[in-house]
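Listed here are the chains, written in short residue letters.
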Amino acid sequence: MSSPILRHAGAATLAAFLAGTAPAALFAATPPDTLVMADAIDDIITFDPQESFELSTGNALNNIYDGLIELDPIEDGKLIPGLAESWSLAEDGVTYTFKMKSGITFSSGNPVRAEDAAFSLKRAVKLDKNPAFILNQFGFTKDNVDDKIKADGDTLTLVTDKPYAPSFLYNCLTATVGNVVDEKEVMSHEVDGDMGNEWLRMNSAGAGAYTLKSWKPKESYFLQAREGYWRGDAKLKRVFMRHIPEQATNRLLLENGDIDISREMGPVDIAGVEGNPDITVQESPGGQLYYLGLNQKVDAFKNPKVLDAIRWSIDYEGLASTLLKGQWTVHQAFVPTGFLGADNDTPYKLDIAKAKELMKESGVEDLSTSIVVRNVQERMDIAQSLQNTFGQAGIKVELKVGDGAEGLGIYRARQHEITLQTWGPDYPDPNTNASTFAENPGNKDEDKNTGYLAWRNSYDPGDMKAQAQAAVVEKDTDKRAAMYMALQKEYMMNAPIIVMFQQAQQDALRADVKDWHTGGATGNAAYWLVTK
């Protein structure tokens, strides 16, 4: 068997990208003008910002595209002007106006216009892909969006269906689905009315610092800096992201200088590089949550006693203090710590005796089920722990292992029994999670509301949907926070979606890498600021 370095041959692969030739020999140092990273990126399905809804793609798209409003890459959660220089809300509470900046161009050279911003938002609604619900929640539909979103000169106007807390809409526009694409370039590649969707899966048409040059699914993506970026050209000319899910291999590549940043090192390997003068570990808060999704197409998972037994069959503290040490903390509510209305109460712990008693009370005998899990070390470790503790409680579990895209496909088709997944916020507002965890506009397979976790798990949240919708229009901040707190307490006791941990991101960097900003709880890294 070849060594990890030879099996992944990162430097040689990168050399081939840069030279356009077959790799010749391995070299240890990465090129001075190129940022080379490793992460698990097998969840990437598309680079179309109006379709993409995967965590790994979000980081790349954050550097390829810009939106009307941006999140400050340095000061986490702060809203700053993007392609719009200013915005306002009319006295009617539903009419939002955005004035576009002048002199900005797309990577094609085409000017950025209000028409492009309008086209992009309408395109998201009309394509009706996974992230469309972020805009649909403001009353935009395929039938009315042409009337509700309009461009006139350098001004874009949005009209919502009812008044909302203004910050809610502004926060939503920072999501990937709000990225502005080059209408002329995209529509020149339209096929059979797809609005350029097939072409944009593997190409880019943005106004950001980089363009997409190559994506090899489950292997790598490659970004090239463009000249004339309106916020200042990227400091490094290229970004090469490699799919390396093995944590020990990440460490070896980083120690040998074959990569600049590892985003996939576990606690053991992080501890192993402490004291190495060539490596620094950067910690940042993360909004990503680990959860179990239990499909209520399975009759047993409609039984409240079974659900409660499962909640008491998870070794929260044991996992957080060992396998996930330093990188995840116990968190059992769907709003992450750091967001308005977050509930940090953790009422559940591992109690096998209690779980057994609940299973007995449930009347469900000899429960056998399966967990769909992504084939990366951390998730496999968690899944194997669950398999063990569930077994102690009398629940037999089979692990169904596959890559990220495969697992998401099963999940989005509602074909799982249990799935181990993570969820990250799309914008810095509690509704980003409240809407998808506690709302389900339709609960049939044909509804295909895949952006809603409640739908994916065949779950009808009942009056919790109304609670979430009431909270998002409440303008009093304290009242709004209290509404989310109450909703989360009810949810964690009843829902078949069981939140377990919140991310505490640890990235390992070569010591010469500077200005690495990960985006905090929203998790969008700014590659264009990095130097080395």
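Residues numbered from 1 in each chain as written. Predicted model: local features only at pLDDT ≥ 70, side-chain atom pairs only at ≥ 80, totals over all residues. Heavy atoms only, no water.

> I tried to follow the overall build of the chain on my own but got confused; where do I start?
A count of helices and strands for the chain gives 20 helices and 17 strands. Here the chain has a C-alpha radius of gyration of 23 Å; the compact-globule value for 532 residues is 24 Å, and the two agree. Each principal axis of the C-alpha distribution contributes one length, and for the chain these read about 70 × 65 × 45 Å. Among the 532 residues that make up the chain, the fraction classed as buried is 58%. Considering only contacts within the chain whose residues lie at least 6 apart along the sequence, 70% involve residues at least 24 apart. (Helix = DSSP H or I, 4+ residues; strand = E, 2+ residues; numbered from the N terminus. Rg over C-alpha atoms; globule rule 2.2 N^0.38 Å. Buried < 20%, exposed > 50% of the residue type's maximum accessible area, 1.4 Å probe, protein only. Contact = heavy atoms within 4.5 Å.)

> In this structure, what is going on with unusual backbone geometry? I would like to understand it.
Phi is mostly negative for residues that are not glycine, and the peptide bonds are mostly trans. We note that Asp128 has phi near 55°; this positive angle belongs to a residue other than glycine. With respect to the helices and strands, Asp128 occurs in the loop between α4 (114-127) and α5 (133-136). Here the phi dihedral of Arg414 falls at roughly 60°; this positive angle occurs in a residue that is not glycine. Summarising the element assignment, Arg414 is placed in the loop between α16 (404-412) and β16 (418-423). Judged by its relative accessible area of 4%, Arg414 is buried.

> It is not clear to me how the layout of surface pockets should be interpreted in this structure. Could you clarify?
Picture a little ball the size of a water molecule; that probe, rolled over the atoms, points out where space is still empty. As a volume, the largest pocket reaches approximately 600 Å³. Forming the boundary of the largest pocket are 30 residues, of which Phe133, Asn136, Pro441, Asn449 and Tyr452 lie nearest the centre. Classifying every residue of the lining of the largest pocket gives nine nonpolar, ten polar and eleven charged. Within this model, the second largest pocket holds a volume of roughly 380 Å³. Along its surface, the second largest pocket is lined by 24 residues, and Gly338, Phe339, Leu340, Pro428 and Asp429 are the ones closest to its centre. Its residues assigned to classes, the lining of the second largest pocket shows seven nonpolar, eleven polar and six charged. (1 Å grid on protein atoms, 1.4 Å probe; cavity = no way out; pocket = protein on both sides within 12 Å on 5 of 7 lines; lining within 4 Å. Points joined across faces, edges and corners; volume = space filled by probe spheres on them. Nonpolar A, V, L, I, M, F, W, Y, C, P; charged D, E, K, R; others polar.)

> Even after reading the chapter, I still don't get the side chain of His331, so can you show me in this structure?
Within the fold, His331 resides in the loop between β13 (328-330) and α14 (352-362). Side-chain polar atoms of His331 contact the backbone oxygen of Val335, separated by 2.9 Å. Once residues lying within four places of it in the same chain are set aside, the contact partners of His331 are Leu289, Pro336, Thr337, Asp343, Asn344, Thr346, Val499, Met500, Phe501 and Gln502. (Polar contact = N/O pair within 3.5 Å; in protein donor to acceptor, adjacent residues only side chain to side chain.)

> Where do I start with the sheet that holds strand β5 (residues 95-100) in this structure?
Taken in spatial order, the four strands line up as β4-β5-β7-β6 in an open sheet, and their pairing is antiparallel. Strand pairing shows two members of the sheet lacking a second neighbour, β4 (84-89) and β6 (149-152), which therefore form its edges. For this sheet, the mean inter-axis angle between neighbouring strands, taken without regard to orientation, is 20°. Of the strands in this sheet, β5, β6 and β7 (155-159) are in contact with α4, which crosses β6 at around 170°. (Pairing = 2+ DSSP bridges. Axes fitted to C-alpha atoms, helices over the stretch in contact; angles between N-to-C directions.)

> Would you explain the confidence of the model for the chain in this entry?
Do not read the fine detail of predicted coordinates wherever pLDDT is low. Scored by pLDDT, the chain comes out at a mean of 93, with 95% of its residues at no less than 70. Predicted confidence for residues 1-12 stays below pLDDT 50, and this span has 23 contacts to residues more than four positions away or in other chains. Here residues 19-27 scores under 50 on pLDDT; set against residues more than four positions off or in separate chains, the count is twelve contacts. (pLDDT = per-residue confidence, 0-100.)

> Teacher, can you tell me more about the nonpolar core here?
Soluble globular proteins: nonpolar side chains tend toward being buried together. Counting residues in hydrophobic clusters, the biggest one holds 64 residues, and the most contacted among them are Leu68, Phe98, Leu156, Leu158, Leu173 and Tyr491. With six residues, the single largest contributor to this core is α4. If near-sequence neighbours (up to four positions away) are discounted, Leu173 is found in contact with Leu68, Ile69, Phe98, Leu121, Leu135, Leu158 and Gly178. (Core = buried A, V, L, I, M, F, W, Y, C linked by side-chain atoms within 4.5 Å.)

> What is the right way to read the packing of helix α12 (residues 304-311) against α14 from this model?
For any two helices packed against each other, the geometry comes down to the angle between their axes and how far apart the axes lie. Contact geometry of α12 with α14 gives a least axis separation of 8 Å together with a crossing angle of 170°. Here α12 lies roughly antiparallel to α14, going by the angle between them. In the crossing of α12 with α14, the sense of the turn from one axis to the other is left-handed. Contacts between α12 and α14 involve Lys305, Val306, Asp308 and Ala309 from the former and Ala355, Leu358, Met359, Glu361 and Ser362 from the latter. In terms of residue class, the contact of α12 with α14 is built from five nonpolar, one polar and three charged. (Parallel < 35°, antiparallel > 145°, perpendicular 65-115°, else oblique. Left-handed = near helix turned anticlockwise from the far one by under 90°.)

> How should I be thinking about the environment of Pro163 in this particular structure?
Positionally, Pro163 belongs in the loop between β7 and α7 (166-172). Counting along the chain gives 18 residues from Pro163 to Val145, while the straight-line C-alpha distance between them is 17 Å. If sequence neighbours within four positions are ignored, Pro163 has contacts with Asp92, Gly93, Val94, Val473 and Lys475.

> How do you make sense of helix α20 (residues 477-494) when you look at a structure like this?
Helical geometry: 3.6 residues make up each α-helical turn, so side chains three or four residues apart lie on a common side. Taking 1.5 Å as the rise per residue, α20 with 18 residues should run 26 Å; its terminal C-alpha atoms sit 26 Å apart, in good agreement. Buried within α20 we find Arg480, Ala481, Tyr484, Leu487, Gln488, Tyr491 and Met492. Down the axis of α20, the buried side of the element spans an arc of 125°, and every buried residue falls inside it. Pointing more than 90 degrees away from the buried face of α20 are the exposed residues Asp478, Lys479 and Met493. Against α12, α17 (431-438), α19 (464-473) and β17 (497-510) lie the buried residues of α20. Structurally, the start of α20 carries an N-cap: the backbone nitrogen of Asp478 is 3.1 Å from a side-chain oxygen of Asp476. (Expected span 1.5 Å × (residues − 1). Arc of directions from axis to C-beta.)

> Help me understand empty space enclosed by the protein in this model?
Under the defined criterion, the tally for this structure stands at three cavities of 30 Å³ or more. One number sums up the size of the second largest cavity: a volume of about 240 Å³. Lining of the second largest cavity is provided by 23 residues; of these, Asn62, Glu70, Leu71, Thr174 and Asn524 occupy positions nearest its centre. Mapped onto the lining of the second largest cavity, the elements with two or more residues apiece are α3 (55-64) and β2 (69-71). Broken down by element, the residue count for the lining of the second largest cavity peaks at three residues, all from β2. Considering only residue class, the lining of the second largest cavity consists of eight nonpolar, ten polar and five charged.

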